[in-house]
Amino acid sequence: MGGVLSTASDKESIFARDLHFSDEDFRIIRELLYDKTGIALSAVKNHMAYARLAKHVRRLGVANFADYLALLRSEDGAHEWEHFINALTTNLTSFFREQHHFDILHQHALQHADRGEAYRVWSSASSTGEEPYSIAMTLDPAVRSGNYHILASDIDTNVLKKAAGGVYALDRIAKLSDQQLKQYFLRGRGQNEGMVKIKSGLMRNMEFRQINLVDRSWPQLGMFDVIFCRNVLIYFDKPTQAGILEHFAQYLKPHGLLLLGHSENIQHITDTFSPCGKTAYRLASGKTP
Ligand SMILES: C[S@@+](CC[C@H](N)C(=O)[O-])C[C@H]1O[C@@H](n2cnc3c(N)ncnc32)[C@H](O)[C@@H]1O
């Protein structure tokens, strides 16, 4: 998770601001981001907001942030929302982040998959794809029939594109075993030197979709055996978190699991879920859909 300033370019913004950016501009950005995504941007993230949006504001040729925000809210600016949201999400992730969840998933799949219907997992804030591909590498050996399906979704269309491409720099896969690398990745040659690509066999059972977790109605998704919602609830306030958790409950099979990030404790927010392992939850008794 980023601090007040998340990246080197976020930090640069302190020293070199050529666009006027007022406290009111920042207040409007926070309000718009909250309305569209549920993300409650901290009041100290002023520099981060400037750094992440300034280049685009310059590219549009508008004079300052006030003009950019006016454009964003006008009819002509409808197409600008995608960039605004993509720029302000934080997408930090890695393969097999929080390994214990993949051990839990493996055990759960051994117990509940191969029972006729497909074993279904939803990576609901999938970022650049490391999480859903780690899920696939866990299910591939665990589900003998290959009858599983992974839905990978995010609000950010850039990271979804990257995830669907399945191409990563070598330093991203340092934690993977030789066996996993051999079985699931192709090594780039020539101009793709230093990169790897996920083999098509691992992508076979995966689907990528843009889904906003704070939307009141999600598309028809079916029921899931496991929902991963890791390291995203922290960006939302408590009422938003509670709304999303109630929504998840409607999409979880009775034996289903909800897996959250290490700092996302929901016990004081809802009694719909009860803990059943390290940041793992199941539907509380009497709460099955
Ligand atoms: C820090 S990443 C976590 C990635 C992965 N789950 C992990 O734990 O490694 C948070 C992700 O949540 C996504 N996100 C933020 N707000 C969202 C929303 N309202 N709906 C869906 N995804 C959202 C961001 O785009 C980002 O990719």
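Data block above holds the structure.
Note that the coordinates shown come from a computational prediction; the quantities given were computed from them, not determined experimentally.

Analysis parameters
- Residues numbered from 1 in each chain as written.
- Predicted model: local features only at pLDDT ≥ 70, side-chain atom pairs only at ≥ 80, totals over all residues.
- Heavy atoms only, no water.
- Core = buried A, V, L, I, M, F, W, Y, C linked by side-chain atoms within 4.5 Å.
- Buried < 20%, exposed > 50% of the residue type's maximum accessible area, 1.4 Å probe, protein only.
- Helix = DSSP H or I, 4+ residues; strand = E, 2+ residues; numbered from the N terminus.
- Domains from an automatic or database assignment.
- Contact = heavy atoms within 4.5 Å.
- Near = heavy atom within 4 Å.
- Areas by Shrake-Rupley, 256 points an atom, 1.4 Å probe, with all protein chains shown as cover.
- Nonpolar A, V, L, I, M, F, W, Y, C, P; charged D, E, K, R; others polar.
- Axes fitted to C-alpha atoms, helices over the stretch in contact; angles between N-to-C directions.
- Parallel < 35°, antiparallel > 145°, perpendicular 65-115°, else oblique.
- Pairing = 2+ DSSP bridges.
- Right-handed = clockwise from strand over helix to strand, strands pointing away.
- 1 Å grid on protein atoms, 1.4 Å probe; cavity = no way out; pocket = protein on both sides within 12 Å on 5 of 7 lines; lining within 4 Å.
- Points joined across faces, edges and corners; volume = space filled by probe spheres on them.
- Expected span 1.5 Å × (residues − 1).
- Salt bridge = Lys/Arg side-chain N within 4 Å of Asp/Glu carboxyl O.
- Lys, Arg positive; Asp, Glu negative; His and termini not counted.

## Some remarks on the nonpolar core
Line of reasoning, step 1. By size, the foremost hydrophobic cluster in this structure holds 52 residues, and its most contacted members are Phe65, Phe84, Trp122, Phe248, Leu258 and Phe273.
Line of reasoning, step 2. Among the secondary structure elements, those contributing two or more residues to this core are helix 2 (23–37), helix 3 (46–60), helix 4 (65–72), helix 5 (80–88), strand 7 (224–229), helix 11 (238–249), strand 8 (252–260) and strand 10 (280–283).
Line of reasoning, step 3. For this core, the element with the most residues is helix 3, which contributes six residues.
Line of reasoning, step 4. Counting contributing residues per domain, this core is built from domain 1 (8–88) and domain 2 (99–166 + 201–283), each supplying no fewer than three.
Line of reasoning, step 5. Residues in contact with Trp122, not counting those within four places in the same chain, are Leu151, Ser153, Ile211, Leu213, Trp218, Leu221, Phe224, Val226, Ile227, Phe228 and Phe248.
Line of reasoning, step 6. Of all hydrophobic cores here, the second largest spans 32 residues; its members include Phe95, Met137, Val143 and Val226.

## A few points about the site of the ligand
Line of reasoning, step 1. Around the ligand, 22 residues are found, and the nearest of them are Thr93, Arg97, Ala125, Asp154 and Asn231.
Line of reasoning, step 2. The protein chains hide 100% of the 610 Å² of surface that the ligand would expose on its own.
Line of reasoning, step 3. Residues that form the shell around the ligand fall into these classes: nine nonpolar, eight polar and five charged.

## Overview of the packing of helix 2 against helix 5
Line of reasoning, step 1. Where helix 2 contacts helix 5, the two axes come as close as 11 Å, and the packing angle between them is 100°. With respect to each other, helix 2 and helix 5 are oriented roughly perpendicular. Across the interface between the two elements, Ile29, Leu32, Leu33, Lys36 and Thr37 of helix 2 pack against Trp81, Phe84, Ile85 and Leu88 of helix 5.
Line of reasoning, step 2. A per-class count over the contact of helix 2 with helix 5 returns seven nonpolar, one polar and one charged.

## Structural notes on the pairing of strand 2 (residues 148–154)
Line of reasoning, step 1. By the criterion of burial, strand 2 is predominantly enclosed, with six of the seven residues buried.
Line of reasoning, step 2. Across five bridges, strand 1 (residues 119–123) lies against strand 2 in parallel orientation. Residue pairing for strand 2: Arg120 is matched across the bridge by His149.
Line of reasoning, step 3. Handedness of the strand 1-helix 7 (residues 130–142)-strand 2 crossover: right-handed.
Line of reasoning, step 4. Pairing between strand 2 and strand 6 (residues 206–210): five bridges, direction parallel. Note on strand 6: the bridge partner recorded for Ala152 is Phe208.

## A closer look at unusual backbone geometry
Line of reasoning, step 1. Within the chain, Ser127 stands out as a residue other than glycine whose phi angle is a positive 50°.
Line of reasoning, step 2. Inspection of the secondary structure assignment puts Ser127 in the loop between strand 1 and helix 7.
Line of reasoning, step 3. Of note in this structure, Thr279 is not a glycine but carries a positive phi near 45°.
Line of reasoning, step 4. Inspection of the secondary structure assignment puts Thr279 in the loop between strand 9 (273–275) and strand 10.

## Quick notes on empty space enclosed by the protein
Line of reasoning, step 1. Inspection of the entire model under this criterion finds one cavity of 30 Å³ or more.
Line of reasoning, step 2. In this structure, the largest cavity encloses a volume near 340 Å³.
Line of reasoning, step 3. What lines the largest cavity is a set of 24 residues, among which Thr90, Ala125, Asp154, Asn231 and Val232 lie closest to the centre.

## Remarks on helix 11
Line of reasoning, step 1. Between its first and last C-alpha atoms helix 11 spans 17 Å; for 12 residues at 1.5 Å apiece the expected length is 16 Å, and the two agree.
Line of reasoning, step 2. Every buried residue of helix 11 is accounted for by Thr240, Gln241, Ile244, Leu245, His247, Phe248 and Ala249.
Line of reasoning, step 3. Close packing links the buried residues of helix 11 with helix 2, strand 1, strand 7, strand 8, strand 9 and strand 10.

## With respect to the pattern of salt bridges
Should their charged atoms come close, side chains of opposite charge can pair.
Line of reasoning, step 1. All told, the structure shown has eight salt bridges when counted by the stated rule.
Line of reasoning, step 2. The residue Glu31 makes a salt bridge to Arg27 at a minimum N-O spacing of 2.7 Å. With Glu31 and Arg27 both in helix 2, this residue pair falls four residues apart, about one helical turn.
Line of reasoning, step 3. Residue classification places Arg27 among the partly exposed residues on the basis of a relative accessible area of 39%.
Line of reasoning, step 4. Among the ionic pairs, Glu207 bridges to Arg209, the shortest N-O distance being 3.4 Å.
Line of reasoning, step 5. By sharing partners, the salt bridges in this structure join Glu24, Arg27 and Glu31 into a single network.

## Things to note about the side chain of Asp25
Line of reasoning, step 1. Mapped onto the secondary structure, Asp25 falls in helix 2.
Line of reasoning, step 2. Notably, Asp25 is buried but unbridged: the nearest opposite-charge side chain belongs to Arg73, and the N-O separation is 7.0 Å.
Line of reasoning, step 3. Contact partners of Asp25, with chain neighbours within four places excluded, come to His20, Phe65, Ala66 and Leu69.

## Let's talk about helix 6 (residues 99–112)
Line of reasoning, step 1. With 14 residues, helix 6 should reach 20 Å at 1.5 Å per residue; the first-to-last C-alpha distance of 20 Å fits that figure.
Line of reasoning, step 2. Tucked into the core, helix 6 has its buried residues touching strand 1, helix 7, strand 7 and strand 8.
Line of reasoning, step 3. A positive phi of about 60° marks Asp114, the residue just after helix 6.

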